[in-house]
Protein chains: 2
Amino acid sequence: MKLSEIGEFGLIERLKELLNSSIIGDDTAPLSVGNTTVLLTCDILVQDRHFKLSYPASAIGWKAISVNVSDVVANGGLPKYALVSLVLPDMELKYVEELYEGIKKACEFYGCEVVGGNVSGGERLIVDVFMLGQAERFVGRRSARVGETVFVSGTLGDARAGLELLLMEKRSYEDFELRLIERHLRPTARIDLARHVSKYASASMDISDGLSSDALKMAKASGVAIKLYSEKVPVSLELREFCKRHGKDPLEYALAGGEDYELLFTHVFERLNPFLSMIPVGVVIEGEGLYLDEIPVEPKGFDHFRL
Amino acid sequence: MKLSEIGEFGLIERLKELLNSSIIGDDTAPLSVGNTTVLLTCDILVQDRHFKLSYPASAIGWKAISVNVSDVVANGGLPKYALVSLVLPDMELKYVEELYEGIKKACEFYGCEVVGGNVSGGERLIVDVFMLGQAERFVGRRSARVGETVFVSGTLGDARAGLELLLMEKRSYEDFELRLIERHLRPTARIDLARHVSKYASASMDISDGLSSDALKMAKASGVAIKLYSEKVPVSLELREFCKRHGKDPLEYALAGGEDYELLFTHVFERLNPFLSMIPVGVVIEGEGLYLDEIPVEPKGFDHFRL
């Protein structure tokens, strides 16, 4: 059987079986080191899969760090150290320096540090980042409880619209289009919510494959069902404008668009903190699967091998 | 300037400058986490650079773990946790399963555990491993002291001869040839020496780019010179036989052959433990650079961008 037949998630399930580890299954691996809870994660950007060489190099560096920080904060941690593994075609040194500038700026912003890495030659540019975070309390995706409210940390679907705009390769973009493109090129991990998640959330993960796909994963992992309310799913004015012009449905972008890097977490409604970016979008109920309003939803997410 | 002009080591120097970090410069990054010294490292295997798809998949998995364990033990640590990041072309699931079998076997052998990872699609197979180790005492390459003896942990040059034999693609190989090929395909990290290094070594690193190149790096990092004695450099009977048949010089293989994954370390001669695999090959002297017997040596190592 080929990987394209089994698909990304099928492969991951198979590898999990092979390893037979109870630790695997969250955005990060929580480990006890001495008297501390350490979170380990890695996430990779591959040329022509996750980005094009025509993108600003500093944005690629920024994003490589951000997607890893997103995993760490999703599990209630703060990022501490990163290793950067680069596979480099024979390119301009200047390009690599700009990439590293983006990495450095992101690390300054998130309060973490690159402590090592590796360079190797290859056909296409690959930026693989490994990150170590620390957490007061680890919060994974397997512990959502019936009766809790489901929150997201911001508007969804913008990054997908931004990607589509980028791929149009227009001569010039309007302001709202540039803002959508920025959401794709330079996502910001929700480090502002790390402490809230660590303190109050029962379950948490980041939204990287699309809300419907990721909410279903959380429901499955927790042995519950999740019901989302379509009118609560936050959509930006920019995405509305984009959809109006292109005859698209913003809700579909919000549910199925990937790479939002917003957080998805659950706790009792009363813990809603109006000073933080958190929007109630649904509830945890008994049963299994995902519901949009009253209707069961088949997830539409992103599969790296089925593209 | 192109990367091929500045070269691998030039690029690394430039990136170190950009990061301006005192931690970077050893096989692993030593970090204090809680009350523990943690060692972080990553090392990558890229198809058609570090291996061919025709190699046994389990050997690629074994090696991906071993080269990281080698970094950890070189700095006096023991490996604890690994993350495995895979970039996969659309290949047979069976191949990936075999790769993972090699990873699992290596982890069992070294006493560490895969706790997570990542899969992504790509044109060529890439196995990028991130490892966390723990050490009683970190030993880096910057602290060799004048008067100490320089040791290596085993015969050198075998892996290079093994690679050349593999590339000959002979129909059948003799036993001594198969042993050399094994040294290239399935290197064993010197975990047997981790405690000795941690306890007694002043300076330590692993030999991945060739003895002359790596010894020069240690000399530079420590602000000393290293003198190697050519007749002490350990060479296997297999390598001697290989060189006899092909009209080559075993010493050149031992000095310039890469991917040995033996250790290079220094301490006073009196700490030589005859029950461990450690061979005195030289001394740390005042000055700078590398000497073979009385002659200054220009290093011949491996540069990933200059191939």
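Analysis parameters
Along each chain, numbering runs from 1 in the same order as the chain's sequence is written. Chain A is the first chain written and ligand 1 is the first ligand written, with later ones labelled in order. Reporting of local features is limited, given that this is a predicted model, to residues whose pLDDT is at least 70; pairs of side-chain atoms are given and counted only at 80 or more, and all residues count toward the totals for whole chains, interfaces and linings. The way it works is that DSSP assigns letters per residue, a run of H or I at least four long becomes a helix, a run of E at least two long becomes a strand, and they are numbered from the N terminus. Here the globule rule reads 2.2 Å times residues to the power 0.38, and the radius of gyration is calculated from C-alpha atoms. Once C-beta atoms are placed from the backbone, each residue is buried if 20 or more other C-beta atoms lie within 10 Å of its own, exposed if 12 or fewer, and partly exposed for counts between those two. Whether two residues are in contact is decided by their C-beta atoms, placed from the backbone, lying within 7 Å. Only residues with pLDDT of at least 70 in both copies count here: their C-alpha atoms drive the least-squares fit that superposes the copies. Should DSSP find at least two bridges between two strands, the strands are regarded as paired. Side-chain classes follow a simple rule in which Ala, Val, Leu, Ile, Met, Phe, Trp, Tyr, Cys and Pro form the nonpolar group, Asp, Glu, Lys and Arg form the charged group, and the remainder, Gly included, forms the polar group. In this analysis an axis means a line fitted to C-alpha atoms, helices contributing only their contacting stretch, and an angle means the value between N-to-C directions, from 0 to 180 degrees. If an angle is under 35 degrees, it is roughly parallel; if it is over 145, roughly antiparallel; if it lies from 65 to 115, roughly perpendicular; otherwise it is oblique. Left-handed describes a crossing whose near helix is turned anticlockwise from the far helix by less than a right angle; the clockwise case is right-handed. As a per-residue quantity, pLDDT reports the predictor's confidence and falls between 0 and 100. The domain boundaries here were taken from an automatic or database domain assignment.

**Some details on the overall build of chain A**
Next, step 1: The secondary structure content of chain A amounts to 9 helices and 12 strands.
Next, step 2: Relative to a compact globule of 307 residues, whose C-alpha radius of gyration would be 19 Å, chain A shows 19 Å and is just as compact.
Next, step 3: Counting only C-alpha atoms, chain A reaches 55 × 55 × 50 Å along its principal axes.
Next, step 4: Across the 307 residues of chain A, 55% fall into the buried class.
Next, step 5: Restricting to contacts in chain A with at least 6 residues of sequence separation, those with at least 24 account for 84%.

**Here's the deal with the relation of the copies chain B and chain A**
Copy one and copy two of the chain differ by a rotation about a common axis and a shift along it.
Next, step 1: Mapping chain B onto chain A is achieved by rotating through 180 degrees and translating by 0.0 Å along the same axis, at an RMSD of 0.0 Å. Such a combination of turn and shift is consistent with a two-fold rotation axis.

**Let's talk about the pairing of strand S4 (residues 113–121) of chain B**
All names here are of chain B.
Next, step 1: For S4, a buried count of 8 out of 9 residues is recorded, marking the element as mostly surrounded by other parts of the structure.
Next, step 2: Where strand S3 (residues 77–88) and S4 come together, 8 bridges link them in parallel fashion. Across the sheet, residue Val87 finds its bridge partner in S4, namely Ser120.

**Description of the interface of chain B and chain A**
Next, step 1: Between chain B and chain A, the contact holds 60 residues from the first and 61 residues from the second.
Next, step 2: If you list the elements that add at least two residues to the side of chain B that touches chain A, you get helix H1 (3–19), strand S1 (29–33), strand S2 (36–46), S3, helix H3 (93–110), S4 and strand S5 (126–135) of chain B.
Next, step 3: A per-element tally of the side of chain B that touches chain A places H1(B) first, with 10 residues.
Next, step 4: Tallied by class, the residues present in the side of chain B that touches chain A amount to 33 nonpolar, 14 polar and 13 charged.

**Focus: the sheet that holds strand S8 (residues 225–228) of chain B**
Adjacent strands of a sheet pair through backbone hydrogen bonds, lying either parallel or antiparallel.
Residues and elements named next belong to chain B.
Next, step 1: Across the sheet, which stays open at both edges, the 7 strands sit in the order S7-S9-S6-S10-S8-S11-S12 with mixed pairing between neighbours. Taken across any chain shown, the strands that pair with only one partner, and hence form the sheet edges, are strand S7 (203–207) and strand S12 (295–296).
Next, step 2: Note that strand S11 (residues 289–292) and S12 share 2 bridges and pair antiparallel. Bridge pairing links Tyr291 to Pro296 in S12.

**Quick notes on helix H4 (residues 158–168) of chain B**
Structural remark: α-helix, 3.6 residues per turn; residues separated by three or four positions point the same way.
Next, step 1: Among the residues of H4(B), those classed as buried are B:Asp158, B:Ala159, B:Arg160, B:Ala161, B:Gly162 and B:Leu165.
Next, step 2: Considering only its buried residues, H4(B) is in contact with helix H5 (175–185), helix H8 (237–246) and helix H9 (250–256) of chain B.

**Some remarks on the pairing of strand S6 (residues 149–152) of chain A**
Residue and element names in this part refer to chain A.
Next, step 1: Bridge analysis of S6 against strand S9 (residues 262–267) gives 4 bridges, and the strand direction is antiparallel. Looking at the pairing, Thr149 lines up with His267 of S9.
Next, step 2: Here S6 runs beside strand S10 (residues 279–285); their pairing, made up of 4 bridges, is antiparallel. Counted as the bridge partner of Val150 is Gly282 from S10.

**Re the sheet that holds S5(B)**
Residues and elements named next belong to chain B.
Next, step 1: Pairing is mixed in the open sheet, where 5 strands are placed in the order S1-S2-S5-S3-S4. Every interior strand has two partners, whereas the edge strands, S1 and S4, have only one. Pairwise comparison of adjacent strand axes, ignoring direction, gives a mean angle of 20 degrees for this sheet.

**Quick look at unusual backbone geometry**
Next, step 1: In this structure, A:Asn20 takes a positive phi of about 55 degrees despite not being glycine.
Next, step 2: Topologically, A:Asn20 is positioned in the loop between helix H1 (3–19) and strand S1 (29–33).
Next, step 3: The class for A:Asn20 is exposed, based on 8 C-beta atoms found within 10 Å.
Next, step 4: Backbone geometry places B:Tyr261, a non-glycine residue, at a positive phi of 55 degrees.
Next, step 5: Examined against the element boundaries, B:Tyr261 turns out to sit in the loop between H9 and strand S9 (262–267).
Next, step 6: For B:Tyr261, a count of 24 C-beta atoms within 10 Å translates into the label buried.

**Some points on the packing of helix H2 (residues 57–74) of chain A against helix H3 (residues 93–110) of chain A**
In a packed pair of helices, the relevant descriptors are the angle between the two axes and the axis-to-axis distance.
Residue and element names in this part refer to chain A.
Next, step 1: Direction vectors running N to C along H2 and H3 enclose 40 degrees, while the axes themselves pass 6 Å from each other. Relative to H3, the element H2 lies oblique. Here H2 runs over H3; the crossing is right-handed. Between H2 and H3, the contacting residues are Ala57, Ser58, Ala59, Ile60, Gly61, Trp62, Ala64, Ile65, Ser66 and Val69 on the first element and Tyr95, Glu98, Leu99, Tyr100, Glu101, Gly102, Ile103, Lys105, Ala106, Cys107 and Tyr110 on the second.
Next, step 2: By residue class, the composition of the contact of H2 with H3 is 14 nonpolar, 4 polar and 3 charged.

**Concerning the confidence of the model for chain A**
Next, step 1: Confidence in the prediction of chain A, expressed as mean pLDDT, is 95, and 97% of residues score 70 or more.
Next, step 2: With a pTM of 0.95, the predicted complex shows an ipTM of 0.93.

**So, the environment of A:Leu263**
Residue and element names in this part refer to chain A.
Next, step 1: Structurally, Leu263 can be placed in strand S9.
Next, step 2: Residues Leu263 and Ser66, 197 residues apart in the sequence, show an inter-C-alpha distance of 13 Å.
Next, step 3: Sequence-distant contacts of Leu263, defined by excluding residues within four places in its chain, comprise Ala74, Val152, Ser153, Arg190, Leu193, Val197, Ser204 and Asp206.

**Describing the domain arrangement of chain A**
Residues and elements named next belong to chain A.
Next, step 1: If you check the domain split of chain A, you get domain 1 (3–135) and domain 2 (149–296).
Next, step 2: The set of elements that each furnish at least two residues to the side of domain 1 that touches domain 2 consists of H2 and strand S3 (77–88).
Next, step 3: Looking at the side of domain 1 that touches domain 2, its residues break down into 10 nonpolar, 6 polar and 3 charged.

**What about the packing of H3(A) against H1(B)?**
Next, step 1: Interaxial distance between H3(A) and H1(B) falls to 11 Å at its minimum, and their mutual angle equals 20 degrees. Here H3(A) lies roughly parallel to H1(B), going by the angle between them. Where H3(A) crosses over H1(B), the two elements pack in a sense that is right-handed. Contacts from A:Leu93, A:Val96, A:Glu97, A:Tyr100 and A:Lys104 in H3(A) reach B:Leu3, B:Ile6, B:Leu11, B:Arg14, B:Leu15, B:Leu18 and B:Leu19 in H1(B).
Next, step 2: Within the contact of H3(A) with H1(B), the residues separate by chemical class into 9 nonpolar, no polar and 3 charged.

**A look at the environment of B:Arg240**
All names here are of chain B.
Next, step 1: Mapped onto the elements of the fold, Arg240 is located in helix H8.
Next, step 2: Arg240 gets classed as partly exposed once you count the C-beta atoms within 10 Å, which come to 15.
Next, step 3: Residues Arg240 and Asp158, spaced 82 residues apart in sequence, show a C-alpha to C-alpha distance of 9.5 Å.
Next, step 4: Setting aside anything within four residues of it in sequence, one finds Arg240 in contact with Val235 and Pro250.

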